[in-house]
Amino acid sequence: MSLCPRILSRQAPRALSTVTKATSRSFTSTQFRQINSSKPVATTSTQALLAEFERRSNTIPAPPESREHPMVGIAPATRENVGQKRFADFDLRGRVFVVTGGARGLGLSLAEALAETGGYVYCFDREPGAGEAWDEASRRAEEYGGFLQYRQQDVQDSKGLDRTIEEIADKHQRLDGVVAAAGVQHLAPAMEWTREEANRMMDINYTGVMMTATSAARQMFKYKCHGSMCLIASMSGSVANKGLLSPVYNSSKAAVVQLARNLAMEWSPIRKDGTGGIRVNCISPGHILTPMVMKNFEEVPGLREKWESENMMGRLAQTSEFKGAALFLLSNASSFMTGNNLVIDGGHTAW
Ligand SMILES: NC(=O)c1ccc[n+]([C@@H]2O[C@H](COP(=O)([O-])OP(=O)(O)OC[C@H]3O[C@@H](n4cnc5c(N)ncnc54)[C@H](O)[C@@H]3O)[C@@H](O)[C@H]2O)c1
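Here the structure is a predicted model, which means the values were calculated and not measured.

Trainee: I would appreciate a short explanation of the overall build of the protein in the present structure.
Mentor: For the protein, the count of helices and strands is 12 helices and 7 strands. Long-range pairs, those at least 24 residues apart, make up 76% of the contacts in the protein between residues at least 6 apart in sequence.

Set out below in structure tokens:
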């Protein structure tokens, strides 16, 4: 563990013993006892320890302090968009996005939302080609001045992700955000999972999201694009849903919610050189009628009726019911929101 020099200079030497406790593994037991004893610590050894803190702090990068470079660059000016046109904060004209899992289901609906407000949206999916639903969405998008483009890209292929996202950013000289929606589900009791199966699911649902976000962040830093990312988690990341045996899926979604907080901490502040300024949030949907869920219904008789009875609205969601949330998160409309998780589940987890 290392401490940022700024934190150290604020806290030392008053709180040196507290700070040292947290980093005790970095010191010999003699040094540790010396610092935590009630006797005053000799000035020379304190200085030596401070020097050691400084040295280590300089070798391990720390996120910038948010108050040093507040996100003024992405805060709307006081009079901006007031009474000029309808909800200009949601306008995405000319902005460039990547949506993973964008061939169908939730990913496709969210991609369409961004294109409907003028965004240029690249849908990544492992499928060799997009289907009819994607073709229709792409036709509709053009009516609104945006577009959908399809790229076969597996999120488990990190080098490919890097390459494809770089190519897109270089072409447009920008990248404004990402929706990471690629995911898989598999129902099985915990004791039936093999290591390989569990790793594979985590590799898509968690590591795939992480690698998508980092590939995109590299380009957003390169072009100094202040933008936004939306990671698709699930209400199953916060609760164990009754009647659904999916221990690994649920854990992978909990990991995504936590990932969003950490990426937000690293990337939200704008640095001195203008990089950063990337907000990161999650959407945690309840049960939606998508191909993934229709497969669950085939596997477990009566599951649909059970799920319908378990939220306050007595029905399952359509993918289109998440478009507004994605548009909110990817646009200026949510310019003060980062590190958070929007739970949209028809009240499923509220009772
Ligand atoms: N359907 C629900 O009820 C529900 C609820 C909460 C969260 N979610 C989440 O929403 C996201 C979309 O789910 P959906 O229901 O639309 O599922 P879906 O199966 O209909 O769509 C998922 C898409 O991701 C793609 N994909 C899977 N693995 C991939 C990989 N390795 N690389 C690239 N693409 C890959 C699939 O080909 C598919 O097109 C998932 O992350 C899912 O966990 C779904």
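Trainee: How should I be thinking about the packing of helix α7 (residues 158-172) against helix α8 (residues 195-222) in this particular structure?
Mentor: Relative orientation and spacing of two packed helices are given, respectively, by the angle between their axes and the distance between those axes. Axis separation between α7 and α8 bottoms out at 9 Å; the angle between their running directions is 35 degrees. Crossing geometry of α7 relative to α8 is assigned as right-handed. Counted together, Ser158, Leu161, Asp162, Ile165, Glu166 and Ala169 of α7 and Met211, Thr212, Ser215, Ala216, Gln219 and Lys222 of α8 form the full contact between these two elements. When the residues that make up the contact of α7 with α8 are grouped by side-chain class, the tally is 5 nonpolar, 4 polar and 3 charged.

Trainee: Would you mind going over the site of the ligand with me for this structure?
Mentor: Taken together, the neighbourhood of the ligand is formed by 28 residues, with Gly101, Gly105, Gly183, Thr290 and Met292 sitting nearest. Residue assignment for the shell around the ligand shows that the elements contributing at least two residues are α5 (105-116), α8 and α10 (291-299). Looking at the shell around the ligand residue by residue, the class counts come to 13 nonpolar, 10 polar and 5 charged.

Trainee: Sorry, what's going on with the sheet that holds strand β4 (residues 177-180) here?
Mentor: To summarise the sheet geometry, strands pair through backbone hydrogen bonds and adopt either a parallel or an antiparallel arrangement. Strand order in this open sheet of 7 strands is β3-β2-β1-β4-β5-β6-β7, and the pairing throughout is parallel. What marks the edges here is a single partner per strand, and that holds for β3 (147-152) and β7 (341-344). Strand-to-strand, the axes of this sheet are offset by a mean angle of 20 degrees, without reference to chain direction. Sheet topology places strand β5 (residues 228-232) next to strand β6 (residues 279-285); 5 bridges connect them, and they run parallel. From the neighbouring strand, Leu231 faces β6, where its bridge partner is Cys282. Of the strands in this sheet, β2 (120-125) and β3 touch helix α6 (residues 132-143), which is tilted by about 145 degrees from β3. In the packing of helix α12 (residues 323-330) onto the sheet, contacts are made with β1 (96-100), β4, β5, β6 and β7, and the angle to β5 comes to roughly 145 degrees.

Trainee: I would appreciate a short explanation of α8 in the present structure.
Mentor: Each α-helix turn comprises 3.6 residues. Residues three or four places apart therefore point the same way. With 28 residues, α8 ought to run about 40 Å at 1.5 Å a step, and its terminal C-alpha atoms sit 38 Å apart, in line with that. At Asp203, α8 is bent by approximately 40 degrees, the largest bend along its length. At the C-terminal side of α8, Lys224 shows a positive phi close to 50 degrees.

Trainee: Sorry if this is basic, but what is going on with the packing of α5 against α6 here?
Mentor: In the contact formed by α5 and α6, the axes pass within 9 Å of each other and the chain directions differ by 10 degrees. Relative to α6, the element α5 is oriented roughly parallel. The residues of α6 that touch α5, namely those facing Leu108, Glu112, Ala115 and Glu116, are Ala133, Trp134, Ala137, Arg140 and Ala141.

Trainee: Would you mind going over unusual backbone geometry with me for this structure?
Mentor: Apart from glycine, the bulk of residues carry a negative phi angle, and the bulk of peptide bonds sit in the trans form. Positive phi outside glycine occurs at Gln173, with the angle close to 60 degrees. By the C-beta count within 10 Å, which is 10 here, Gln173 ends up exposed. Not every positive phi belongs to a glycine, and Lys224 is a case in point at roughly 50 degrees. Here Lys224 is to be found in the loop between α8 and β5. Lys224 sits in the partly exposed class, given 15 other C-beta atoms within 10 Å.

Trainee: How should α7 be read in this particular structure?
Mentor: Between its first and last C-alpha, α7 extends 21 Å over 15 residues, near the 21 Å set by a 1.5 Å rise per residue. Within α7, the full set of buried residues consists of Leu161, Ile165, Ile168 and Ala169. Axial view of α7: buried residues confined to an arc of 95 degrees, hence all on one face. Opposite the buried face of α7, at more than 90 degrees from it, the exposed residues are Lys159, Glu167 and Lys171. The secondary structure elements touched by the buried residues of α7 are β1, β2 and α8.

Parameters and conventions
- Residues numbered from 1 in each chain as written.
- Predicted model: local features only at pLDDT ≥ 70, side-chain atom pairs only at ≥ 80, totals over all residues.
- Helix = DSSP H or I, 4+ residues; strand = E, 2+ residues; numbered from the N terminus.
- Contact = placed C-beta atoms within 7 Å.
- Axes fitted to C-alpha atoms, helices over the stretch in contact; angles between N-to-C directions.
- Left-handed = near helix turned anticlockwise from the far one by under 90°.
- Nonpolar A, V, L, I, M, F, W, Y, C, P; charged D, E, K, R; others polar.
- Near = placed C-beta within 6 Å.
- Pairing = 2+ DSSP bridges.
- Expected span 1.5 Å × (residues − 1).
- Bend = angle between axes of the 7 residues up to and from the residue.
- Parallel < 35°, antiparallel > 145°, perpendicular 65-115°, else oblique.
- Buried ≥ 20, exposed ≤ 12 C-beta atoms within 10 Å, placed from the backbone.
- Arc of directions from axis to C-beta.

The values are spatial; any link to function lies outside them.
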